[in-house]
Amino acid sequence: MSTVAKTQVTVRVARWSATHPWKAITAWVVFVGLCLALGGVIGSRAATDADFRIGEAGQAQTIMADGGIKAQSIEKVLIAPRSGALDRAAADAAATDLTQRMRALPEVQQVRAPVESTDRNALMVPVVMVAPGATSSDHVQPLLDTTAAAQAAHPALRIEQTGDASISFQVDEKTAADTASAEQLSLPITLLILMVAFGAIIAAGVPVLVALSAVGASIGLSALSSHIVPGVGGQNATIIMLIGMAVGVDYSLFYLRREREERARSGGRLSHTAAVELAAATSGRAVIVSGFAVLASVAALFFANDIIFASLGFSVMIVVAVAMLASLTVLPALLAKLGRWVDRPRLPLIGRLTNRPGPGKLWPTLLRPAVRHPVITLVASVVALVLLALPALNMRLNLPANDRMTKVSSVLTYEELQKTFPAQGSDFIIAARAGTNEPAALAAALSDLDRQVQADKLLAGRSASETQTSADGRTRVITIGTPYGTNAPESRELLTKLHEQYLPNTVGKLQGAEYAVGGGLSMRDSDSAHLADKLPLVVGILLLLTFLMMTISFRSVAVGLSSALLNLLSSVAAMGALAWVFQSDWAARLLDLPPGGFIVSRVPLFLFVILFGLSMDYQVFVVSRIREAALRGVPTKQAVLQGITGSAGVITSAALVMVSVFGGFVFGGLLEIKQVGFALAIGVLLDAFIVRILVLPSLMTLLGNANWWPSKAVARAFTARQEGKPLPAQVPVSIH
């Protein structure tokens, strides 16, 4: 090994771990246990309503908060017959019983009088919770238990609860269960892929074990970090599992394959410690470069100025950093301690196939078009990806309303309630604060506004309103219930009329008065506008960071530019596939979704960042192998062939592992989790099989020695080889 390699930090860390395996393993176990214990004891801090305020909807929430008016969280209990007509006496008795039970709960602020449906066949009992807005779902379980107890006491009736808090709570529970199922499904598939890749059970289990330990430590650290950047519920843990298993297995896979390769190349004469050091000098360095490239990419999420992105981005950065640390510390210790046992027990047929020397015939055959006909291959593959990306131009962005939620009991009750009590659809919340005028003028203006809205042909006779007033009377909030869903065209028409007609003609005429419209539809518009404004900035920062990271790492402007452009190409193609599938009715039927699909507004920006980061993994490892060959004086075309055939097998295995992890989330959980899982799986497949096998090799073949400009190291190595001068010791590139 060269003197330079021996001075690398990755080599020194690997050498210590390999020579002190029990200390390294024990330290890692203690670290993981400590993270989990501290996370459990200290707990996490959830984001508050104030953290989510964006745009006009956020302005409405700010006006309310400044006036001391809390956004009420109202749960609604439906009392209906199991069949036929409602027994009113039994229903009244049930409503009285339920009211008494609810009033005894500390989580309940008020139980309002029962409301009778227009057909007189159902009652609704509104229950106002003490906890407002985003925190109410954390306190709704006692209310659900009370409703269940009332149901048990009155079995002849249906007594069912719904509301934002119960829907959020039950959907989160269902999502957690779906996530666990996806994890249970993806784990054996991942092990199977790794067993095929390594031909040995222990070798397959090591990356999974390392990745799971990284996920566990990251979940604990994420709870601690939430006191810096608040968490956003169960989404943090889901994203940690998604990304942690993907990069954790990837980093370990690359490292382990290189260690096995070094041992195989030496004919078994190389010690395990020496093999680990050689792997650390090559794949270990690539893990560092890749890990920091992913961290830099994910850091772009903070420029979105959004609590959800900041929280998820922080969680992703934690799990990537921990996975990188695990692959550089505890993995060398495990490999050194296991020794030859890492290749046991062998899988007879698979073991023979995976241990054939050389790259075999498959990858050279697949690469032949790119190397022999680079122009045609480059143009054809880029055109194919651009065509796949075209549906992204017609991407419809929105936030999911209740009709897109997982069909838990509270969602089904909400759908029935909306039909039975028409005014229980979406709400418009108008918050206003008096300026130089007296509070009485504001009250009169809002009353006039309410009369005009109630008289609108879209609402006549099918609406209800409620007014809240601050203690000093200067802030007033009027909530107008409608019979329409949040995404219904009638709701859009009403919002437009509020902005263009009703508000300017009433509150807008008061000097110095502030006002804003909140509610579900306004919140969706605010989020969509905010994200559309931030997306170009985040993508621009991603491109710049990718260019800088790759240029500095490989001392090549060409590698930096090609990496940024190829990552953009594969990411946009994945966005196009996402739009094509989730906005198509045939896919909606397959995925058990209502027709008229859309892309959750937060998904594209998040996906761009994560796909850029994951693409950097493959780019770093492939270009590293190509550069290794080029630094031995191998001509560019041959270096491309050697580098990609030498890394194609492990890249394919890593990609299939990622697809198994991400794909498991497509058929369960929240709509955004389905979409993230699908797009990540497609993006990884496109990147591994189209970009790395067709686009990258054809582009690098065409560029020739310009790939490494302005560095002259490759040119010097090629000249030295031509003149017969000594070259660096050969580092093998074929991974079998």
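Check the entry above for the structure.
What counts and how
- Residues numbered from 1 in each chain as written.
- Predicted model: local features only at pLDDT ≥ 70, side-chain atom pairs only at ≥ 80, totals over all residues.
- Heavy atoms only, no water.
- Axes fitted to C-alpha atoms, helices over the stretch in contact; angles between N-to-C directions.
- Helix = DSSP H or I, 4+ residues; strand = E, 2+ residues; numbered from the N terminus.
- Parallel < 35°, antiparallel > 145°, perpendicular 65-115°, else oblique.
- Left-handed = near helix turned anticlockwise from the far one by under 90°.
- Contact = heavy atoms within 4.5 Å.
- Nonpolar A, V, L, I, M, F, W, Y, C, P; charged D, E, K, R; others polar.
- Expected span 1.5 Å × (residues − 1).
- Polar contact = N/O pair within 3.5 Å; in protein donor to acceptor, adjacent residues only side chain to side chain.
- Phe/Tyr/Trp six-rings, centres within 6.5 Å; stacked < 30°, edge-to-face > 60°.
- Buried < 20%, exposed > 50% of the residue type's maximum accessible area, 1.4 Å probe, protein only.
- Salt bridge = Lys/Arg side-chain N within 4 Å of Asp/Glu carboxyl O.
- Core = buried A, V, L, I, M, F, W, Y, C linked by side-chain atoms within 4.5 Å.
- Pairing = 2+ DSSP bridges.

Enquirer: Go over the packing of helix α19 (residues 520-554) against helix α22 (residues 603-630) with me, naming the residues and quoting the values.
Expert: Two numbers describe how α19 lies on α22: the axes approach to 11 Å, and their chain directions differ by 15°. Of the possible angle classes, the one that applies to α19 and α22 is roughly parallel. Handedness of the crossing formed by α19 with α22: right-handed. Every residue of α22 that contacts α19 at Leu-531, Lys-534, Leu-535, Val-538, Val-539, Leu-542, Leu-543, Thr-546, Met-549, Met-550 and Phe-554 is listed here: Leu-605, Phe-608, Val-609, Phe-612, Met-616, Gln-619, Val-620, Val-623, Ser-624 and Arg-627. Grouping the constituent residues of the contact of α19 with α22 by class yields 16 nonpolar, 3 polar and 2 charged.

Enquirer: Please provide a residue-by-residue account of helix α5 (residues 88-103), values included.
Expert: The terminal C-alpha atoms of α5 lie 22 Å apart, and with 16 residues this matches the ideal 22 Å at 1.5 Å per residue to within 8%. Structurally, the start of α5 carries an N-cap: the backbone nitrogen of Ala-89 is 3.3 Å from a side-chain oxygen of Asp-87.

Enquirer: Describe the packing of aromatic side chains, naming the residues involved and giving the relevant values.
Expert: With the rule as written, the count across this model stands at 4 aromatic pairs. Taken together, a centroid distance of 5.2 Å and an interplanar angle of 40° make the contact between Trp-28 and Phe-31 tilted. Here Trp-28 and its partner Phe-31 are both found in helix α3 (residues 21-42), 3 residues apart, which amounts to about one turn of the helix. Given the relative accessible area of 8%, Trp-28 is considered buried. Overall, the relative accessible area of 27% leaves Phe-31 in the partly exposed class. Here the aromatic rings of Phe-302 and Phe-314 are separated by 6.3 Å at their centres, their planes lie at 85°, and the arrangement is edge-to-face.

Enquirer: An account of the pattern of salt bridges is requested, with residue identities and associated values reported.
Expert: Tallied over the full model, the rule gives 18 salt bridges. One salt bridge connects Arg-88 with Glu-116, and the closest N-O pair in it is separated by 2.5 Å. On the criterion of sequence distance, the pair formed by Arg-88 in helix α5 and Glu-116 in strand β3 (residues 115-116) is long-range, its members being 28 residues apart. With relative accessibility at 35%, the residue Arg-88 sits in the partly exposed group. The exposure class of Glu-116 is partly exposed, given its relative accessible area of 33%. Across the pair Asp-687 and Arg-692 runs a salt bridge whose closest N-O atoms are separated by 2.9 Å. With respect to burial, Asp-687 and Arg-692 carry one shared label: buried.

Enquirer: Mind laying out helix α11 (residues 307-328), listing which residues take part and the relevant values?
Expert: An ideal rise of 1.5 Å per residue puts 32 Å on 22 residues; α11 measures up with 32 Å between its terminal C-alpha atoms. Of all 22 residues making up α11, 19 are buried, and the element is well covered by its neighbours. One side-chain oxygen of the residue at the start of α11 lies 2.8 Å from the amide nitrogen of Ile-308, identifying that residue as Asp-306.

Enquirer: Could you give an account of the environment of Arg-476, with specific residues and numbers?
Expert: Here Arg-476 lies in strand β9 (residues 475-481). Judged by its relative accessible area of 19%, Arg-476 is buried. Discounting chain neighbours no more than four positions away, the residues touching Arg-476 are Ile-430, Ala-431, Ala-432, Leu-442, Ala-443, Leu-446, Thr-467, Gln-468 and Thr-469. Here Thr-469 takes part through its side chain, which lies 3.2 Å from a polar atom of the side chain of Arg-476.

Enquirer: Outline the nonpolar core, supporting the account with residue identities and numerical values.
Expert: Of all hydrophobic cores here, the largest spans 162 residues; its most connected members are Ile-243, Tyr-255, Val-320, Leu-607, Tyr-618, Phe-662 and Leu-680. No other element matches α22, which puts 19 residues into this core. If sequence neighbours within four positions are ignored, Tyr-618 has contacts with Asp-250, Phe-254, Ile-651, Ala-654, Ala-655, Met-658, Val-684, Asp-687, Ala-688 and Arg-692. Counting 25 residues, the second-largest nonpolar core is a separate cluster that includes Phe-428, Leu-442, Leu-446 and Leu-498.

Enquirer: Give me the lowdown on the pairing of β9, citing residues and values where you can.
Expert: Of all 7 residues making up β9, 7 are buried, and the element is well covered by its neighbours. Residues Thr-475, Val-477, Thr-479 and Gly-481 line one face of β9 and the alternating positions Arg-476, Ile-478 and Ile-480 line the opposite face, and both faces are buried. Bridging between strand β7 (residues 427-433) and β9 involves 7 bridges; their strand directions are antiparallel. The residue bridging Phe-428 from the neighbouring strand is Ile-480, located in β9.

Coordinates in, geometry out; function isn't part of it.
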